[in-house]
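# Per-entry structural report
Given next are the chains, with one letter for each unit.
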Amino acid sequence: MWTKQFGFLVGALCMCQVFSQDIYVAEVMVESNVTLTAQSILASWAPSVSLNVGGNNVIISSSQLVAECLVVGEDYNCNCSKGYAWSNEVCYNYGCCTETPCLKNVSQATSICVEKFDVIINGSVQLTSGSWTSVQTTKLNAGLNLMNGVGSVNITGPRPSDPTIADFQMGVYVRLDVPTFQQILTALSTNLTSAPIYVDTKKMVNISAETSTVEYEGIISLTCQMEEATGSAGWNLSKPFERFSINKGLLTQINTDCVTEKYKSCVKLVVTKATGAWTGTYECGFTTGTIRHTASIPIKVVLLPDVITMKFSPLIADCSGNKPPITVTATIPESEEPYTYFWSYNNKPGPQSSATNKISFQYNGWVECELNVAPVKITFRNNLNQDKNASVEIPVFRDTAKFCKDETLNNEVWPKTPAGVTLFNRTCPPRRVGYKSRQCGPEGEWKEVFSQCISEELSKVTDAANNFLSGLGATQEVAKDIFGGIKNSSSLSSDGSGADTADIGASIGIIGVMANASVNVVLDETVFPDLIDAASNMVNSSWNGVNDSVRHGMSANYLSSVETLVKNIKINTSEGFNSTNLELKFCSSDDCSISVFGIDVNLNKTNGTMKTMGVRNLMEKLKNKKFPGKNHSSIVLSTTLEGNNDSDITIKMFFPDEQPTATERLCVFWDTNIKDWSSEGCIANVTDDNQTLCECNHLTSFSVLMSKGDTTKDTTILDMITNIGLGVSVFSLLIFLFVESLVWSAVTKTNLSHFRHTAVVNIAVFRLLADCSFLASTKPEQLSDTWCFTFTVCKHLFYLAMFCWMLCLSVMLVHQLIFVFSPVRKRVFMYLSSIVGYVVPIALVGASYVYYKYKEQDYYCRKSCWLTYVRLLEGSIHAFILPVGTIILSNLFSMVVVIVTLVKTSAPDSSKSDDKDTAKSILKVIVFLAPVFGVTWIIGFGLLMLDENSSLYPVADYAFVILNSFQGLFILLTGAVGEQKVRQEVVRIIMVKTGRDTDGAKKLTNSSSTLYTKDK
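Keep in mind it's a predicted model, so treat the numbers as computed, not measured.

Cut-off values and rules
Residues numbered from 1 in each chain as written. Predicted model: local features only at pLDDT ≥ 70, side-chain atom pairs only at ≥ 80, totals over all residues. Heavy atoms only, no water. Helix = DSSP H or I, 4+ residues; strand = E, 2+ residues; numbered from the N terminus. Buried < 20%, exposed > 50% of the residue type's maximum accessible area, 1.4 Å probe, protein only. Contact = heavy atoms within 4.5 Å. Polar contact = N/O pair within 3.5 Å; in protein donor to acceptor, adjacent residues only side chain to side chain. Pairing = 2+ DSSP bridges. Phe/Tyr/Trp six-rings, centres within 6.5 Å; stacked < 30°, edge-to-face > 60°. Lys NZ or Arg CZ within 6 Å of the ring centre and 35° of its normal. Core = buried A, V, L, I, M, F, W, Y, C linked by side-chain atoms within 4.5 Å. Disulfide = S-S within 2.5 Å. Axes fitted to C-alpha atoms, helices over the stretch in contact; angles between N-to-C directions. Patch = residues over 30% accessible without salt bridge, like charges linked within 9 Å, V, L, I, M, F, W, Y side chains within 5 Å. Areas by Shrake-Rupley, 256 points an atom, 1.4 Å probe, with all protein chains shown as cover. Salt bridge = Lys/Arg side-chain N within 4 Å of Asp/Glu carboxyl O. Parallel < 35°, antiparallel > 145°, perpendicular 65-115°, else oblique. Left-handed = near helix turned anticlockwise from the far one by under 90°. Nonpolar A, V, L, I, M, F, W, Y, C, P; charged D, E, K, R; others polar. pLDDT = per-residue confidence, 0-100. Expected span 1.5 Å × (residues − 1). Bend = angle between axes of the 7 residues up to and from the residue.

### Notes on the overall build of the protein chain
- Each helix and strand counted, the protein chain has 20 helices and 54 strands in total.
- In the protein chain, buried positions account for 47% of the 1016 residues.
- Look at the contacts in the protein chain between residues 6 or more apart in sequence, and 67% of them connect residues 24 or more apart.

Shown next as structure tokens:
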């Protein structure tokens, strides 16, 4: 009978003056008749005893009995000492896995018993079919008990919410053999016919922190270590009701350079600037297969308010009278951190107070008017004596020569303010946060209100994006939620109002944040649908709620951010995505040839992926200082290469012909350094089918600028003539309509005169409405999309109606001249002219709008608030040009008929005197009929055909502007002043009103014949 004892000997090895500690396992065999016990033998090895181990002199420092076996012949009975359990080697090779004696010869095992080590395991099983029953519970319990050192197994299932899922928790008292555990889980998954079984373990990982309490904006440093090698590592942060993944970001550093021989898995997290968002319980995890080993530690950041929002009332302190009172309110996020706070006015601190769970703080005081500004500050202090403050400067009003008067706008009061001062109102409409500002101009005039009030939902998305950039919650799922939030917000409103533009500006900012974050966090193509839709929605409106400078900055940031995201987001199998205003195509072949919004793009490369994006409605928002006055293509094209190392590339782009009459074309790219267009490295050519071929030796965002010549000329004079002419026309038409209302009963006694005056009055009314619509839309950039569309429809409708009544007038005149003895009845004329003058224009406008809506083409140009022109016979402008051109040609024919009739009437008389009279009559016809027949508009058709470099072009340009802007005046002169019966009736009315004799009225007015007959 023999007894074997196995002990751990901790010895100090002395070699070359370097000391280290190692653990040795010794086997001692004792005959059964020896009365010495294992403990007495170990006790005899005093700390001073030295042994020779492998040629090294080892001094024993401590010893401990871990296992003992009783051997009788070939029979073994082995037990682990208290506090020890069978090793994984003994369990899985000899079948001894519980605390019962092992009857196998385990003496050959490298490690027989190991110190107990508690591990907690949590997992769940989801069946692929059927519901969870007691049969599955039995199978799962049996499989889990195959593990070494199982202390307890608790299976709960099925879940009330899902009968296919069961949860389990188990405790083992031996460190896990991870590969064997994974094999057991895989076998269980097959046996149970379930999905892969995922489990979390606790206590397999060591987590440590430099300190568990961190000062505000201090550094958090955490380290996680595990003895076994694993596949991947990660960090999470848990808060009440929230859980975030942590990845590399602006404020986080994650590295694995802490791996050692003992700890084969190690990951370190450093948060460089800890604020309130970083307080909570940190959890690290190492993953191998379906097993994740975790450890957690709470970290408290001694907080200060992350955001301090300051408001004050009134918006300006009125020091024109007595010392004015002022109320300042500071608002901070909700927090349980105890603060000490105090207010300061003019750098003079007030008494300190303490607060916990308080979010609003108020200061009430009086403004010292002798100060130029009244600075009010609040300071918060935490228990580490760290401070954070915020301040506002209260603007002061004194009696000045130039100031803006009190004004109430949209139920908001803007008090009197000195010139040059900007007021800030931090009160936003319901469910919006931010502020509004308004400047009093240098001459004491109020500027437009600039709104930075964004929706609360978008504000939350902004916070999530900032956390994403910092590394908190930076996952694919969160990125999809962020882009989905932008999409939802951008689709709610696109009317170009100030609120809409504020939301768009915030959305562009979020996309910029995500573009910066995409450098550290890998995003895949599943984020593209929401990103593309959101980016498309943003450019729907004109962004006219801001000035040009802000709009140019927004558009430049938009283009840069979207381009960066498109470049950094990884693609797998997708060939592209598209939306209304944005289309995206991918190409991985060596010879790429794709089309985006009708623009063909060709690129030869050796490797990598080409990503090409086309954007509508962006070109007019971008700055164009280097090429002023030139027309531009409607599409901005952006091309990037991912994973390419070609040193030389040439990209070819075929832009459709959007201006057939252009004589100069430039291929330009967006220079991100100067934030303007540049033509460097690009060449423009014209293809046989009149497309613009752009060849560039670099990749970025491209477009085409076009002109018919020198478009940098100053149009100030033409604009001035137009505005003056339209103003005069409006005034003249109002006078004409007033005169017609006075003389109507006297001048419409015959059918012919009734027909004529009815037509001319309708011409005047529609011309008046069209001119008013034109004047109201002379500054399209200041109009919302809704108003721009409305004025476009009005101009289209009123000008068409005017020309339709001109057609009625000319047809009536020709009919009366040719069919002298077959006059048109009054009822017939009114019926037909009403159809032509009212119904036809409405039908033409409605049909053209529906057609272009159906074809998904633009009905109107946002830049001019007028119909669009793409190329010959393409564009909504043809719904105006074609009917107007037809009517003008018809009216020209009518004028020729009138002239020929006059000539034929004069043919029997061949005297020179009669020839002169005939010539005068013809001239009179041209002068009187041209304005009411719209013949002067024919010059506009000539402008479309003339080259801008031609010497005739400026002549025709000025003639068209003068004749047509003053058309209302010409109608007054020809329709009222030049009409004998009208003059007679006006004079008669004046004589009657003044009580004078009317006998001489006819003598005063009888100086010309009727309008359309020869004078005899």
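### Structural notes on the side chain of serine 518
- Structurally, the position occupied by serine 518 is in the loop between helix H7 (498–517) and helix H8 (528–538).
- According to the relative accessible area criterion, serine 518 is buried, its value standing at 6%.
- For serine 518, the side chain forms a polar contact with the side chain of asparagine 568, separated by 2.9 Å.
- When sequence neighbours within four positions are dropped, the list of residues in contact with serine 518 reads Leu523, Thr564, Leu565 and Asn568.

### Concerning the sheet that holds strand E37 (residues 436–439)
- Spatially, the 3 strands line up as an open sheet ordered E35-E37-E38, and their pairing is antiparallel. Among the strands making up the open sheet, the edge pair consists of strand E35 (422–425) and strand E38 (450–451).
- Inspection of the sheet shows E35 paired to E37 by 4 bridges, in the antiparallel sense. Counterpart to phenylalanine 424 in the pairing with E37 is serine 437.

### A closer look at unusual backbone geometry
- The omega torsion of the bond from glycine 157 to proline 158 falls at 0 degrees, within 30 degrees of zero and hence cis.
- With respect to the helices and strands, the residue proline 158 is situated in the loop between strand E9 (150–156) and strand E10 (165–172).
- That bond from serine 313 to proline 314 is cis: its omega, 0 degrees, falls within 30 degrees of zero.
- Looking at the element boundaries, proline 314 is found in the loop between strand E21 (309–313) and strand E22 (317–318).
- The phi dihedral of asparagine 410 falls on the positive side, at around 55 degrees, and the residue is not glycine.
- Positive phi is not limited to glycine here, since phenylalanine 597 has a value of about 50 degrees.
- Turning to its location among the elements, phenylalanine 597 is positioned in the loop between strand E42 (591–596) and strand E43 (599–604).

### Focus: the packing of aromatic side chains
- Summed over all chains, the structure comprises 25 aromatic pairs.
- The structure contains a cluster of three or more aromatic residues connected by ring pairs, namely Tyr339, Tyr341, Phe361 and Phe380.
- The ring of tyrosine 173 has lysine 116 sitting right over it, with the charged end atom 5.0 Å from the ring centre.
- Looking at arginine 175, its charged tip hangs above the ring of phenylalanine 117, at a distance of 4.8 Å from the centre.

### A look at the environment of phenylalanine 774
- Of note, phenylalanine 774 is situated in helix H11 (residues 751–776).
- In this structure, the C-alpha to C-alpha distance between phenylalanine 774 and threonine 792, residues 18 residues apart in sequence, is 8.7 Å.

### Things to note about the nonpolar core
- Ranked by size, the top nonpolar core spans 80 residues in total, and within it Ile121, Ile220, Trp235, Tyr282, Val328 and Trp343 carry the most contacts.
- Looking at this core, the element that brings in the most residues is helix H4 (residues 178–192), giving 6 residues.
- Not counting the four nearest positions on each side in its chain, isoleucine 220 is found in contact with Val214, Leu269, Val270, Val271, Ala274, Trp278, Tyr282, Ile299 and Val301.
- In terms of nonpolar packing, the next biggest core, distinct from the first, is built from 55 residues, Ile486, Met514, Leu523 and Val527 among them.

### Considerations on the pairing of strand E48 (residues 664–671)
- Taking burial as the measure, the 8 residues of E48 include 6 buried ones, the bulk of the element.
- The antiparallel pairing of E48 with strand E49 (residues 676–678) creates a hairpin that spans 4 residues between the two strands, and lysine 675 there sits at a positive phi of about 50 degrees.

### Digging into the state of the cysteines
- Under the defined criterion, the tally for this structure stands at 13 disulfides.
- Note on cysteine connectivity: cysteine 224 is disulfide-linked to cysteine 284, with sulfurs 1.6 Å apart. Handedness of the cysteine 224-cysteine 284 disulfide follows from its S-S torsion of about -75 degrees: it is left-handed. Linking cysteine 224 in strand E14 (residues 220–226) with cysteine 284 in strand E19 (residues 280–288), this pair joins segments that are 60 residues apart in sequence.
- For cysteine 224, a relative accessible area of 0% translates into the label buried.
- Of the residues examined, cysteine 284 reaches a relative accessible area of 0% and is grouped as buried.

### Considerations on the sheet that holds strand E23 (residues 325–331)
- Reading across the sheet, the 3 strands line up as E21-E23-E27 and stay open at both edges, with antiparallel pairing between neighbours. Taken across any chain shown, the strands that pair with only one partner, and hence form the sheet edges, are E21 and strand E27 (360–366). Direction aside, the axes of adjacent strands within the sheet are offset by 20 degrees on average.
- Strand direction decides the pairing type here: E21 and E23, joined by 5 bridges, are antiparallel. The residue bridging methionine 310 from the neighbouring strand is alanine 330, located in E23.

### Looking at a nonpolar patch on the surface
- On the surface, a nonpolar cluster with roughly 600 Å² of combined accessible area is contributed by Tyr831, Leu832, Ile835, Tyr838, Val839, Val840 and Leu844.
- Its location among the elements puts valine 840 in helix H13 (residues 826–854).

### Regarding the packing of H11 against helix H18 (residues 967–977)
- It is the contact of H11 with H18, at a shortest axis distance of 10 Å, that shows an interaxial angle of 160 degrees. Between H11 and H18, the angle is such that the two are roughly antiparallel. At the point where H11 passes H18, the crossing takes the left-handed sense. Two secondary-structure elements touch here, H11 through Arg756, Val760, Ile763 and Arg767 and H18 through Gln967, Ile971, Thr974 and Gly975.
- Counted by class, the contact of H11 with H18 contains 3 nonpolar, 3 polar and 2 charged residues.

### Focus: the confidence of the model for the protein chain
- Model confidence for the protein chain is summarised by a mean pLDDT of 84, while 86% of its residues fall at 70 or above.
- Scored below 50 in pLDDT, residues 706–712 shows 35 contacts in the model against residues more than four places distant or in partner chains.
- Considering only residues more than four positions removed or in separate chains, one finds that residues 1001–1016, a stretch of pLDDT under 50, has 27 contacts.

### Remarks on H8
- Within H8, 8 of the 11 residues are buried, which leaves the element mostly enclosed by the surrounding structure.
- For H8, the set of buried residues is Phe528, Leu531, Ile532, Ala534, Ala535, Ser536, Asn537 and Met538.

### A word on the pattern of salt bridges
- The full count for this structure, using the stated rule, is 23 salt bridges.
- Taking the shortest distance from any N to any O, the salt bridge between arginine 767 and aspartate 771 comes out at 3.0 Å. Placement of the pair is arginine 767 and aspartate 771 together in helix H11, with a separation of 4 residues, close to one helical turn. Each member of the pair arginine 767 and aspartate 771 is classed as buried.
- Residues glutamate 985 and arginine 988 are paired through a salt bridge, measuring 2.5 Å at the closest nitrogen-oxygen approach.

### Notes on H13
- Between its first and last C-alpha atoms H13 spans 41 Å; for 29 residues at 1.5 Å apiece the expected length is 42 Å, and the two agree.
- Bending of H13 peaks at approximately 35 degrees at the position of valine 839, with proline proline 841 no more than four residues after it.
- Looking at H13, one finds that the buried residues are Phe829, Ser833, Gly837, Pro841, Val845, Ser848 and Tyr852.
- Of the residues flanking the end of H13, it is glutamate 856, one or two places downstream, whose phi is positive at about 55 degrees.

### A word on the environment of asparagine 644
- With respect to the secondary-structure elements, asparagine 644 resides in the loop between strand E46 (635–642) and strand E47 (651–655).
- Owing to a relative accessible area of 23%, asparagine 644 belongs among the partly exposed residues under this scheme.
- When the C-alpha atoms of asparagine 644 and methionine 610 are compared, they prove to be 8.9 Å apart, with 34 residues separating the residues in sequence.
- Excluding anything up to four places from it in sequence, asparagine 644 contacts Lys605, Thr606, Asn607 and Gly608.

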